[in-house]
Amino acid sequence: MSNDTATAEAAGPAEAAPPVAEPIPHGLGVSLPPADARAKTEGTFPYAADLWAEGLLWAAVLRSPHPHARIVSIDTTHAREMPGVRAVVTHEDVPGAVLHGRGRADRPVFASEVVRHHGEPLAAVAADHPDTARMAAAAVIVEYEVLDPVIDPEQAFEAEPLHPDGNLIRHIPLHHGDPDAAGETVVEGLYRIGRQDPAPIGAEAGLAVPRPDGGVELYLASTDPHGDRDAAAECYGLTPEQVKIVVTGVPGATADREDQGFQLPLGLLALKTGCPVKLTATREESFLGHAHRHPTLLRYRHHADAEGRVVKVEAQILLDAGAYADTSSDALAAAVAFACGPYVVPNAFIEGWAVRTNNPPSGHVRGEGAMQVCAAYEAQMDKIAKKLGLDPAEVRLRNVLATGDVLPTGQSVTCPAPVAELLQAVRDFPLPALPKDTPEDEWLLPGGPEGAGEPGAVRRGVGYGIGMVHMLGAEGADEVSTATVKVQDGVATVLCAAVETGQGFTTLARQIVQDTLGVDEVQVAPVDTDQPPAGAGCRGRHTWVSGGAVERAAKMVRTQLLQPLAHQFGMSTELLQIADGKITSYDGVLSTTVAEALDGKELWATAQCRPHPTEPLDETGQGDAFVGMAFCAIRAVVDVDIEIGSVRVVELAVAQDVGRVLNPAQLTARIEAGVTQGVGIALTENLRTPRGLIRHPDLTGYALPTALDAPDIRIVKLVEERDVVAPFGAKAVSAAPVVASPAAVASAVRAATGRPVNRLPIRPQAAVVTAN
């Protein structure tokens, strides 16, 4: 035994060298996980419903049980006298503007003379216990003179005005081409789209805290904090500087997350009592208060030649805006502009209206306007194919839009529009196995395991849907966002008022800074209205505008970092590059780390991003109204029990133009979520409102698709053709699959049953085939 061996044995077994840690991938193009993923999965992430403050009071809101009634009197005496009640507010207690609204200020904070929809707020109460607050709200005595509600949007044209502004919110007549043009084949259809609720997964909640200067701070899950701040300041009779909104954790959003009619009473109560006030809405209150997708009536007539090429489209589109305008004008513009879909249509004559009724308010929900018309124009393409005896996919391919084509609004499509490539990808993707090719115990009949139907009554159908959406605001909306990037002690911080609603902005911001500056640790500061505005979180705004602002600020910091080195070596900063935390020159003379270059420096920069301007549609529906567009093609495969009308979506194959993949995992999740939301629109989601009353305002009566209802979703192609005017070249990805999937499912049910399927969601009787 050698001395070396003896020494080794005496010292004990040698410890293995620790494994070298693999570098964590970062920057654009990788699947960087969200920073808050662990907290959310462990249940420690703070949402608005979790907030607390010393001396907290609880709020409750009294809402109208009628969709239409004249208010004779409101008596709050009994409520005020209840023990524990600290304040009761009505329209008489609003010190500032009595009207508010996201698109148009036409909605009262509290109804004063008339109620116009079921669930409209009339009073709010603050008490020392939530049960006391609810009982006090119920003790407010309101005497009504019940009026007949206007619930049919077609009747709104002739009905007595429901609002001082009248019943017509907007009318868009679009005229494009030759009105006398005609085709050899003519198909017509009447289509109805139901009311979808955005159904935010978490409770709508908020906390208002009065400030010593007479102002108030609102802690909300807001998706548009600066817009909400300005509305609150006007309502409270305060300056915007006296109202601060702090964005709390947003538990998911597919629309405007918080109803302003929910937020505004909260601050009024805090100002009146001088105490913090918290309000957590019940699920019923959420259904009654926030905006829903516009129910829509659509009449279409398509003219086509003998080859199936569309010659002319005539359409009438009627949106039910409910009691107030909200964003109905924007939804109508999208519906009219995209009424012909992603197809070349030389002649189009579209009439669109948005009208007030006594139904629940409608507003921004993902893909608004575009989703409704997609269901109709895709049904028309199926009818053309059937009448001419052509393959439905082939008819679509003969008509698809491409870059350089012109929309019926007269706007040229300058962004990438690979519609044909998308459709070919889903058409050529292998079809799923037929039930007879799989073991019996693996086949689920429509209706679920051990469904009521028989295998012999099941028919399979294949259908297509091609959707298009616009990105950012439209018709002259000033889309601008501001961001600041700071670097100190090797840590970068991003300050931007873009709200993380689940779309992944905070992750994207981290990736942008990592990619630009080579800094591993990037933090995104919480959002509040002390920061410059970034706008609402919808239509891909934050990927484009806020992400662009972050990129510009990071590049300015990059220049500050590289300038001393470039000067030292007598070269320009453009000859230096940052990669994997190292700074190198083009010739290899300079090589150092980012950490060494920072060496205790504090660098920061602020930048804005504002896309090119747009213009409103004119009196004939013409104008360059949109900044950019995104497209999606989906092929649906369904099994239908033609005896009982139940439908099982077997598979949805998706192809989408995304511009550039910035985070693969995040992008996949967004597409799958959008497709699943579309399946809900197609089959289950319909907020029923007989005589204007919301029936079953809960998640038992309103059937959201669950994980068990989600079909196999195959993302067969992502076209990465960068949009040169967009930062990073990326496009919004969430709304387009929501728009296309309901149309694809309906198309597949038509193929399986031969029935017209002209209503969404698809009712069982629409899928039943009776024997002749």
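Thresholds applied
- Residues numbered from 1 in each chain as written.
- Predicted model: local features only at pLDDT ≥ 70, side-chain atom pairs only at ≥ 80, totals over all residues.
- Heavy atoms only, no water.
- Buried < 20%, exposed > 50% of the residue type's maximum accessible area, 1.4 Å probe, protein only.
- Helix = DSSP H or I, 4+ residues; strand = E, 2+ residues; numbered from the N terminus.
- Arc of directions from axis to C-beta.
- Contact = heavy atoms within 4.5 Å.
- Salt bridge = Lys/Arg side-chain N within 4 Å of Asp/Glu carboxyl O.
- Phe/Tyr/Trp six-rings, centres within 6.5 Å; stacked < 30°, edge-to-face > 60°.
- Axes fitted to C-alpha atoms, helices over the stretch in contact; angles between N-to-C directions.
- Parallel < 35°, antiparallel > 145°, perpendicular 65-115°, else oblique.
- Left-handed = near helix turned anticlockwise from the far one by under 90°.
- Nonpolar A, V, L, I, M, F, W, Y, C, P; charged D, E, K, R; others polar.
- Pairing = 2+ DSSP bridges.

A. Seen up close, helix α11 (residues 419–428). All buried positions along α11 are accounted for by V419, L422, L423, A425 and V426. Axial view of α11: buried residues confined to an arc of 160 degrees, hence all on one face. Contact partners of the buried residues in α11: α10 (392–397), β18 (458–474), β26 (626–641), β27 (647–657) and β28 (712–719).

B. Structural detail: unusual backbone geometry. Each neighbour pair has its own omega, and for L760 with P761 the value is 0 degrees, a cis peptide bond. Tracing the sequence through the fold places P761 in the segment after β29 (759–760). One non-glycine residue, D326, lies in positive phi territory at about 50 degrees. Here D326 shows up in the loop between β16 (310–320) and α8 (328–337).

C. Main features of the pattern of salt bridges. Taken as a whole and judged by the stated rule, the model has 32 salt bridges. In this structure, R301 engages E314 in a salt bridge whose closest nitrogen and oxygen atoms are separated by 3.2 Å. Of this pair, R301 sits in strand β15 (residues 296–304) while E314 sits in strand β16, and the two are 13 residues apart along the sequence. Judged by relative accessible area, which is 24%, E314 ranks as partly exposed. Note that R714 and D712 form a salt bridge whose closest N and O atoms lie 3.7 Å from each other. Residue R714 is classed as partly exposed on the basis of its relative accessible area, which comes to 38%. Taken together, the shared-partner salt bridges connect E378, D382, R396 and R750 into one network.

D. Representation of the packing of aromatic side chains within the structure. Enumeration over the complete set of coordinates arrives at 6 aromatic pairs. On the numbers, 5.0 Å between centres and 65 degrees between planes, the contact of F45 with Y47 is edge-to-face. In this structure F45 comes out as buried when scored by relative accessible area, which is 19%. On the numbers, 6.1 Å between centres and 85 degrees between planes, the contact of Y343 with Y377 is edge-to-face. Taken together, the positions of Y343 in the loop between α8 and β17 (347–355) and Y377 in helix α9 (residues 370–388) put the pair 34 residues apart, joining distant regions of the chain.

E. Just the packing of α9 against helix α16 (residues 735–753), in detail. It is at 8 Å that the axes of α9 and α16 come closest, and there the two elements cross at 30 degrees. In terms of orientation, α9 and α16 fall into the roughly parallel class. Of the two elements, α9 crosses α16, and the hand of that crossing is right-handed. Where α9 abuts α16, its residues A370, M371, C374, A375, E378, A379 and D382 lie against V738, V739, A740, P742, A743, S747 and R750. Broken down by class, the residue content of the contact of α9 with α16 amounts to 10 nonpolar, 1 polar and 3 charged.

F. Local environment of the sheet that holds strand β21 (residues 521–524). Spatially, 4 strands are ordered β21-β20-β19-β25 in an open sheet, and the strand pairing comes out mixed. Of all strands in the sheet, those with a lone pairing partner are β21 and β25 (602–609), marking the two edges. Averaged over all adjacent pairs, the angle separating strand axes in this sheet is 20 degrees, with direction ignored. The sheet contact formed by strand β20 (residues 491–496) and β21 spans 4 bridges and is parallel.

G. Spotlight on the sheet that holds strand β24 (residues 591–593). Pairing in this open sheet of 3 strands is antiparallel, and the strands run β22-β23-β24 from one edge to the other. The sheet terminates laterally at β22 (576–579) and β24, the two strands that pair on one side only. Shown here is a sheet whose adjacent strand axes are inclined to one another by a mean of 25 degrees, direction ignored. Direction of pairing for strand β23 (residues 582–585) relative to β24: antiparallel, over a ladder of 3 bridges. Of the residues in β24, the one forming a bridge with I583 is T592. Along the sheet face, helix α13 (residues 541–569) touches β22, β23 and β24 and points at about 125 degrees away from the line of β22.

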